[in-house]
Amino acid sequence: MKECVEPLLEWYYKNRRMLPWREKVDPYHVWISEVMLQQTRIEAVIPYYERFMAELPTVFDLAQVDEERLLKLWEGLGYYNRARNLKKAASIIVEKYQGVFPSEMVDALALPGIGEYTASAVLSICYSRPEVTVDGNVLRVYMRLQNSFENIDMISVKKQVRSALAQIIPKEAGEFNQAFMELGEVICLPNGMPKCDICPLKDFCKSRREHTFLNLPVRKPKNAKKNQKYTVLLFVCHGKIALHKRSDEGLLKNLWEFPNLAGFYSEKEVLQYLRDCSISVESIDTALSYTHVFTHLKWSMESFVITVSEESALYVWEDLENIVQNYALPSAFQPFLNHLLGSDRI
């Protein structure tokens, strides 16, 4: 593995992508980008990152931003607790560290939402600390290089990889970590055929010699996702749309949504429900069907566009432009918003 360091760094210096958070080595920029990149591809993150930085260019801005606005800026990235933890951590950084991300691992790990991966990334890239960053890309590259069939979902295996890489990490720790991750993103691909012919580490790769790379890395089989059914009610009243705020517990807590009912309701059942709620209906039409997949479950959703004569006090009513500009709607509800935007009923 030690022989891999020099060719890996040479490849990185020649081929690294020019990403917005690499333009200037700044702990705030790196921190935000690393949190955004969790569960999300680089190409998808860039416009969110640029929008976020345009409005919150410093940790002081993040510490002071209203939560509703923060969630709107985070809209589309999912896992909204990441955004809430960013604000909490920013407040601590401002109050305790005068606005500078801490340079010691113990201090970084004490911040809300900061785990070993994010802390090691910021400390190695921005402060040249010899901290190893291990994500899915690093694990995949390492297990293929070693032709190892150990399960990478096991904590003990991740620790082994971290320990092994800690033995070879050079003084250019940040570049080394980024090079390993970049190799996994653009060369040693997770799906389909890896680009072994142009890999700088091909001569060191045991799985390439053994033709086992497509079987690596080994992971636990995924459990079947639980399927939950919902009926989404798209209320329209004189050009305004009904919104509902989710509870402060559970999935998508405190985020805005379109009113919905658990289970699939027929048109007749929806009308009966609305009568029971004293909501007077002018018209009702079947609308979009959509399935949204989360990490551990999926929502199967059917919907109705319902024109009503009066705004019900059960909901918040806003025009579409205001919803688009100011309300954080989770990705699960975005197709229904798009349906309304394209409707001639508004």
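Residues numbered from 1 in each chain as written. Predicted model: local features only at pLDDT ≥ 70, side-chain atom pairs only at ≥ 80, totals over all residues. Heavy atoms only, no water.

A.B. asks: I keep staring at the pattern of salt bridges and nothing clicks. Help me out?
C.D. replies: A side chain of one charge can pair with a side chain of the opposite charge when the charged atoms of the two come close. Taken as a whole, this structure holds 14 salt bridges when the rule is applied. Between Glu185 and Arg17 there is a salt bridge, with its nearest N and O atoms 2.3 Å apart. Residue Glu185 is located in helix 11 (residues 173–186), and its partner Arg17 is located in the loop between helix 1 (5–15) and helix 2 (27–37); the two are separated by 168 residues in the primary sequence. Given a relative accessible area of 29%, Glu185 falls into the partly exposed group. A salt bridge links Arg129 to Glu104; the nearest nitrogen and oxygen atoms lie 3.1 Å apart. With Arg129 in the loop between helix 8 (116–127) and helix 9 (136–146) and Glu104 in the loop between helix 6 (81–97) and helix 7 (105–109), the pair connects residues that are 25 residues apart, well separated along the chain. Under the relative-accessibility criterion, Glu104 is labelled partly exposed at 40%. Shared partners join several salt bridges into a network, and the residues in it are Arg17, Arg22, Arg41, Glu43, Glu182 and Glu185. (Salt bridge = Lys/Arg side-chain N within 4 Å of Asp/Glu carboxyl O. Helix = DSSP H or I, 4+ residues; strand = E, 2+ residues; numbered from the N terminus. Buried < 20%, exposed > 50% of the residue type's maximum accessible area, 1.4 Å probe, protein only.)

A.B. asks: Could you clarify how one ought to interpret the packing of aromatic side chains in this entry?
C.D. replies: Aromatic ring pairs are described here by two measures, namely the spacing of the ring centres and the angle between the planes. One pass over the full model with this rule turns up 15 aromatic pairs. Look at Trp21 and Tyr49: their rings are 5.1 Å apart centre to centre, the planes differ by 75°, and that puts the pair in the edge-to-face class. Of this pair, Trp21 sits in the loop between helix 1 and helix 2 while Tyr49 sits in helix 3 (residues 42–55), placing them 28 residues apart in sequence. For the pair shown, Trp21 and Tyr49 are each scored as buried. In this structure an aromatic cluster arises from ring pairing among Tyr230, Phe258, Phe294, Trp299 and Phe333. (Phe/Tyr/Trp six-rings, centres within 6.5 Å; stacked < 30°, edge-to-face > 60°.)

A.B. asks: Quick question: what am I supposed to make of the pairing of strand 1 (residues 226–237) here?
C.D. replies: Two strands pair when backbone bridges link them, and strand 1 and strand 6 (residues 297–308) are joined in this way by eleven bridges, in the parallel orientation. Opposite Leu233, over in strand 6, you have Phe304 as the bridge partner. The sheet contact formed by strand 1 and strand 4 (residues 260–262) spans three bridges and is antiparallel. In the strand pairing of strand 4, Thr231 is matched with Leu261. When strand 1 meets strand 2 (residues 240–245), the two strands line up antiparallel, connected through two bridges. Counterpart to Cys237 in the pairing with strand 2 is Lys240. From the end of strand 1 to the start of strand 2, which pair antiparallel, there are two residues, and His238 there has a positive phi angle of about 50°. (Pairing = 2+ DSSP bridges.)

A.B. asks: Can you help me understand the packing of helix 9 against helix 11 in this one?
C.D. replies: Packing of helix 9 against helix 11 brings their axes to within 8 Å, and their N-to-C directions diverge by 85°. As the angle between them shows, helix 9 and helix 11 are arranged roughly perpendicular. For the pair formed by helix 9 and helix 11, the contact residues are Asn137, Val138, Arg140, Val141, Tyr142 and Leu145 on the first element and Phe180, Met181, Leu183, Gly184 and Glu185 on the second. Among the residues making up the contact of helix 9 with helix 11, the classes are represented as seven nonpolar, two polar and two charged. (Axes fitted to C-alpha atoms, helices over the stretch in contact; angles between N-to-C directions. Parallel < 35°, antiparallel > 145°, perpendicular 65-115°, else oblique. Contact = heavy atoms within 4.5 Å. Nonpolar A, V, L, I, M, F, W, Y, C, P; charged D, E, K, R; others polar.)

A.B. asks: Help me understand the side chain of Ser124, please; the structure alone is not making it clear to me.
C.D. replies: Checked against the element boundaries, Ser124 lands in helix 8. Owing to a relative accessible area of 2%, Ser124 belongs among the buried residues under this scheme. When near neighbours in sequence (up to four residues on either side) are disregarded, Ser124 contacts Arg129, Glu131, Thr133, Ala173, Gly174 and Asn177.

Just geometry here; none of it tells us what the structure is for.
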